[in-house]
Each structure stands twice: as structure tokens, then as C-alpha cells.
Amino acid sequence: MVRRSQKRKLQKVTGLCRPEVGLRVKRSCASCGPEPGGEEKKGRGNPISIQLFPPELVEHIISFLPVRDVVSLGQTCHYFHEVCDSEGVWKRICHRLSPRLREQGSGVQPWKRAAILNYTKGLYFQAFGGRRRCLSKSVAPVLAHGYRRFLPTKDHIFILDYMGTIFFLKNALVSSTLGQKRACCYVVLCHGAKDFASDPRGDTIYRKYLYVLATREQPGVVDTAHSQSCDCVEVYLQSSGQRVFKITFHRAMSFKQMVLVGLETQRTLLLLTEEGKIYSLVVNEAQLDQPHSYTGQLTLRKVSHDLPHLCVACMASNQGSTLYITDQGRVYFEVHTPGVYRDLFGTLEAFDPTYQQMPLPVSLPAKVLFCALGYNHLGLVDEFGRIFMQGSNRYGQLGTGDKMDRGEPTQVRYLQRPVALWCGLNHSLVLSQRSDFSKELLGCGCGARGRLPGWPRGSASFVKLHIKVPLYASSLCPTRECLYVLSGHDIEHHPAYRDLPASRVAGTPKPSLGAAAAQDPEGVAAQACEPYLGQIHSCPTLQECMETTKVIVGWMPLMATQEDFFWETLDMLQRAFGGVGQGPPTPDS
């Protein structure tokens, strides 16, 4: 009835929907010219321009379209681009998608970003070993203003939105008959949060506490004229959401990120300030649930003390190491255990147990945008969208096509411009975007327990997993039992990759094999293979192909065992095909 009354009012005001009025609306835009085929047609009436309508009426009508249709309509002509990009349209769309934002006012502007955040938000999951290949969508908190981050724990899931509210999805892991998991309900855990973290190990069974970095009004000085706020760290039980610990910092110190390092009895909180400095605080989790006060000392981290000129932009951690990325895109490493150091760098020569906080620079040819840190391997993505992997490769988790460890960053040449990168215990995942803007999930490493759906035996190269990924997927986090994918698109924050300069792609003189092998052995081998393949294709017979291949194997920079293997294999093939005619090799051969 309400829609019918609105339609009657619209007919009364415009008079364009009555059958006795023979008017036809014509799109007329100065930038795109007249409408194609807009000549007068008998019996159709006189066309009118859409620009004759009041702008408020056009904006009101467009605001009822789906978000994807509004974006598509804005690409048709200059007039609709201006109308569909106006704040009035997106404000109405945003109020329709998230009624809670009516009360927030200017805190969510611009309205276009807010509307797209709420339109694309979603949390999807799939249990490992299940029969379904499509991700299931969990219960979405209606009050959430987009999804900024999420963290699965032992029993539940925590979501941080763009307004600083943390939502507690209670009983999120409830098994059903299909082997999937569904989120049952949610509550608001706290407001004013900046970041959160939990145990850095990949197994959620260790995530007993949730650490929240938040801003709180200082008690006793809350006043309309002299209100002061301070940053603090609050610790909640993940099982019940009860707060068990809180430490408040001086109001002059403002933090933007927090990560955890170490085990329960020596848990270290690393706090990143707005100025790019790192502070640390040691907490014993065994004493958090005891009813007495706890005193901790906040100290400046060695990376900020010894290198005061560095401005850290972000950081990542696991239980035995920490990685820092500066505002200039440089990477520094802290390794706290000898085993992880040996896996990452292949040697223990430079490891000093007395200086475990000593930052180690990681050399890369370009600026690093983001990273992923596993237990004994890592992944880096530079400004050109190239992926570099380093560390242990026992299960093929580096995606280099073999199982040889890498003590230095090694480029994965067949992958570029990822949306997200994740490194776990012994496998890695890459969220990639295809040319049609659809997403796909690639994985490598150990495939046990369904970690790589469709590849139970694993793979030493990145392969496409048998999962249908949501269109707006932005990040992922696998656990021991389930794969979670977060959906959301922020038009203001996304990896802005640059095109690789032409001097680094082609046109540069090729270095000699001996001089360049120490700097980039895989790059030299890739350049050398191109003329070698041309020589093999020019051979008229199969016998000449094998002889030429044996000579080329001797030229390539291979180890002695690999060289002997290829020569023996070629000799066996040559003896097996000794009776083949002297014609050109067939495709089957």
C-alpha cells in the first residue's frame, strides 16, 4: 500500500505515467550528444530531456537502485556520472543499507565510501574436508559499519568495523549435518577500538584471550570543556567476552597497531605509535585472571632505539619472529629462536642469542607494500605487485615449483598483483583477481586435512583451489578446521600497484652468466632459456633435438647432480627412440 501511494503521488506530480499522455523521456547530455535513434517516431509523442526533472527527484529515484546498478548508470554519460556520484544519492543509499548510520552524522562521510563498505561487507567460511565447494555466508551484524578486520578464536569470531566497534559472534562454530559451520548470534563487545590481536600461532586452540587496543575517556576528567582521552589495552576472555585486564597509557602516547609475540608466560605486546616508533610490554597471561593489580613496564623496542631515523608503517608477527615495514618500503626482521632463524636464512652464522631484538634488514629491489609471516617462511609484495617468498620449503610452501629452501627473497614469477597473501605453518594462500574482476584462491604447500581444497596431496607451485570466492573478497584467514574469507571494498584504501619500468622488463643489456648468477640466479636462468628453446625448435630431427638439449644442459648453471640426472635421462630417451625416423619430431614425441 505504501509503494502504491508513492507511485500515485509520483504520477500526480509528473503526469508522465498516465497512458493518455504520450510523452517519452529522452536522455540528453551535452557531452555525449543526442540519444541514438532519437528521431521522431509516429505515435510515440514528443521526447523530453531527463535534465528537465528536478535534481532532487532524479537523485531520489536513483537511490532505490542497487549499488552495482548505480555505478553502472554513472558510466553511461557525463550527466548521470555527476548525479550518481553526488553525496545526496549515496547518503540515501547508505541510510537504506545501514539505518544505524543516521545517528552517526559526519563520522561516516564521505557517503559513497560508507555505502560501498556496507554493501560489500560479508564473512564467508568453508569447513575443510566438506562436500561443498561454495563458501557459506555467516550471520552479518546489522549494526556494523563495514568489516575492517576479523579474528577467529577457539570458539568464536571477532569482527572490527570502521567505526571502531568490535562484534562478538557467539557460538560461531556450531557444526551442522553438512559439516559446515554457522554463526548463531552476535553482541557488541566494546566501542572505540583501534586494533585487536590474539595468540600469534595459527592454531586457534591457543587463543584464550583477546587483546584490544582502544581509546577511552579518562575517569574523573570527563567534561564538556576539558575532556581527555587515553589509549589503553584491554584483555577479554574469548569464551565469554569478560574483561579481565586493562592497562592505560599516558595521554601523550597514541598508538595505531598492536601485535603479540612469544608464548603465554612471556607474552610481549608490540605497540606502534602514530610517529612510527615501537614500544614493548611483557605480560604473563597466567596472572591475568588473578584478582590483584599487575604492573608492567613500557619500553622502547631496539629497532626504534638503535635506528631512530626509521618510521615503521606496519608490522607482523608470529610466536618466534617479528617483521617491520617502514614508510619507505624497507623491511626489517627480528628472529627470536635459532630454529626459525635457520629456516629463514639457511644458516646460524649471524645469529646471536644475546641480541634477539637486533633488526635484520631484508634486501629487496623495490618498495614493499604488505607482507605475510608464517612460522618458518614469509611472503612479501612490492609496489609492482611482485611476490617474493623466503624460508623453509619442505612442503613446497614457497610456491617456487620445488622443495628447496630459500635463504633470500625469491620471486614467484607466475603470480602478480595479489589482493591478499597469507602464510601458515606449512602452506601459503594467495587471493588473486582476474581480468574480469572476479576473484580466485591459489594455494601451495601441504594439502593434508583439506587445507588445499582439490589438492589433497599438496603442490610445490601455486594452484587454483576448488573454491568459489566472493566477488568482493579482500582478506582470508584459514584455521585448523575452517577457511574464512572476509568480503569488503574500501575505495580509499587498496594496493596501488605501479607498472614495472621498461628498463626492468626489456632493453637492458644482459649480464654475463658468472657475474649475475650471484645476484639473481633465477632471472639469469629465465633469460638464458629463451634462446636455448629457439635452438631446440630449429632442430629438424628428434635426434638432433636431444643432442642439442644435452649441450644446453652443460651450459646451464645447474648443480652436478642435476646435470648428471638430465644427461642420463636424455641418454635413455635417445636409446629408446633410436629407431625413430629422421623426420621432424611429432607433437606426441
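Residues numbered from 1 in each chain as written. Predicted model: local features only at pLDDT ≥ 70, side-chain atom pairs only at ≥ 80, totals over all residues. Heavy atoms only, no water.

1. Points about the packing of aromatic side chains
- Counted by the stated rule, this structure contains nine aromatic pairs.
- Each ring, one from Tyr119 and one from Tyr472, has its centre 6.2 Å from the other, and the planes form 70°; the classification is edge-to-face. Of this pair, Tyr119 sits in helix H6 (residues 111-120) while Tyr472 is found in the loop between strand S30 (459-464) and strand S31 (473-478), placing the two residues 353 residues apart along the sequence.
- Consider the rings of Phe249 and Phe255, whose centres lie 5.0 Å apart with planes at 65°: the pair is edge-to-face. Of the two residues, Phe249 and Phe255, neither departs from the other in class, the shared state being buried.
- Each residue in the set Phe249, Phe255 and Tyr279 is aromatic and connected to the rest through ring pairs, giving one cluster.
- Of note, Arg201 hangs over the ring of Tyr206, and the distance from its end group to the ring centre comes to 3.8 Å. (Phe/Tyr/Trp six-rings, centres within 6.5 Å; stacked < 30°, edge-to-face > 60°. Helix = DSSP H or I, 4+ residues; strand = E, 2+ residues; numbered from the N terminus. Buried < 20%, exposed > 50% of the residue type's maximum accessible area, 1.4 Å probe, protein only. Lys NZ or Arg CZ within 6 Å of the ring centre and 35° of its normal.)

2. Considerations on the sheet that holds strand S19 (residues 312-317)
- In space, the four strands of this open sheet follow the order S19-S20-S21-S22, with antiparallel pairing throughout. The sheet is open, and its two borders are formed by S19 and strand S22 (360-362), each paired with just one other strand. On average, each strand axis in the sheet is tilted by 25° relative to the strand beside it, whichever way the strands run.
- Sheet topology places S19 next to strand S20 (residues 321-326); five bridges connect them, and they run antiparallel. What sits directly across from Met315, in S20, is Tyr324.
- Sitting on the sheet, helix H8 (residues 338-345) is in contact with S20, strand S21 (331-335) and S22, with an inclination near 140° to S21. (Pairing = 2+ DSSP bridges. Axes fitted to C-alpha atoms, helices over the stretch in contact; angles between N-to-C directions. Contact = heavy atoms within 4.5 Å.)

3. Digging into the pattern of salt bridges
- This structure, assessed with the given rule, holds 20 salt bridges.
- For Arg216, the salt bridge is made with Glu234, and the minimal N-O distance between the two is 3.2 Å. Placement of Arg216 in strand S12 (residues 209-217) and of Glu234 in strand S13 (residues 229-237) is noted, with a sequence separation of 18 residues between them. Each member of the pair, Arg216 together with Glu234, is buried.
- When the shortest N-O distance is used, the salt bridge between Asp306 and Lys302 registers 3.2 Å. With a gap of four residues between them, Asp306 and Lys302 both fall in helix H7 (residues 302-306), about one helical turn apart.
- Its relative accessible area of 33% is what places Asp306 among the partly exposed residues.
- Using a relative accessible area of 21% as the deciding quantity, one classes Lys302 as partly exposed. (Salt bridge = Lys/Arg side-chain N within 4 Å of Asp/Glu carboxyl O.)

4. Things to note about the confidence of the model for the chain
- Overall, the predicted model of the chain reaches an average pLDDT of 79, with 76% of residues at or above 70.
- For the chain, helix H10 (residues 513-516) is the element with the lowest average pLDDT, namely 38, and strand S11 (residues 193-197) is the one with the highest, namely 96.
- Within the model, the stretch residues 173-183 combines pLDDT values under 50 with 34 contacts to residues more than four positions away or in other chains.
- A low-confidence stretch, residues 506-525 stays under pLDDT 50, and its non-local contacts, those more than four residues away or across chains, total 16 contacts. (pLDDT = per-residue confidence, 0-100.)

5. Some thoughts on unusual backbone geometry
- Phi angles above zero are rare outside glycine, and Phe437 is one such case at about 70°.
- Summarising the element assignment, Phe437 is placed in the loop between strand S28 (427-433) and strand S29 (439-445).
- Overall, the relative accessible area of 56% leaves Phe437 in the exposed class.

6. Re the pairing of strand S17 (residues 278-283)
- With six bridges joining them, strand S16 (residues 267-273) and S17 adopt antiparallel strand pairing. Note on S17: the bridge partner recorded for Leu271 is Tyr279.
- Hairpin geometry of S16 and S17 is characterised by an intervening segment of four residues between the two adjacent antiparallel strands and by a positive phi of about 90° at Gly276.
- One ladder, built from two bridges, connects S17 with strand S18 (residues 299-300); its direction is antiparallel. Pairing of Tyr279 across the sheet is with Leu300, part of S18.

7. Here's the deal with the side chain of Asn393
- Tracing the sequence through the fold places Asn393 in the loop between strand S25 (386-391) and strand S26 (406-416).
- Its relative accessible area of 0% is what places Asn393 among the buried residues.
- A polar contact is formed between the side chain of Asn393 and the backbone oxygen of Met404, at a distance of 3.2 Å.
- With sequence-adjacent residues up to four places away left out, Asn393 is seen in contact with Leu398, Gly399, Thr400, Asp402, Lys403, Met404, Asp405 and Arg406. (Polar contact = N/O pair within 3.5 Å; in protein donor to acceptor, adjacent residues only side chain to side chain.)

8. Some thoughts on the packing of helix H2 (residues 55-62) against helix H5 (residues 87-97)
- Two elements in contact, H2 and H5, have axes separated by 9 Å at closest approach and are oriented at 35°. Of the two possible hands of crossing, H2 and H5 adopt the one that is right-handed. Where H2 abuts H5, its residues Glu56, Glu59, His60 and Ile62 lie against Gly88, Val89 and Arg92.
- Split into classes, the residues belonging to the contact of H2 with H5 amount to two nonpolar, two polar and three charged. (Left-handed = near helix turned anticlockwise from the far one by under 90°. Nonpolar A, V, L, I, M, F, W, Y, C, P; charged D, E, K, R; others polar.)

9. Remarks on the nonpolar core
- Ile62, Val70, Tyr79, Trp90 and Ile93 are the most contacted members of the largest nonpolar core, which has 20 residues in total.
- Secondary-structure elements contributing two or more residues to this core are H2, helix H3 (67-73), helix H4 (78-84), H5 and H6. (Core = buried A, V, L, I, M, F, W, Y, C linked by side-chain atoms within 4.5 Å.)

10. So, empty space enclosed by the protein
- By the definition in use, this model includes two cavities of 30 Å³ or more.
- Space inside the second largest cavity adds up to approximately 30 Å³.
- Lining the second largest cavity are Leu135, Leu431, Leu441, Ile467, Val469, Leu476 and Val485.
- Its residues assigned to classes, the lining of the second largest cavity comprises seven nonpolar, no polar and no charged. (1 Å grid on protein atoms, 1.4 Å probe; cavity = no way out; pocket = protein on both sides within 12 Å on 5 of 7 lines; lining within 4 Å. Points joined across faces, edges and corners; volume = space filled by probe spheres on them.)

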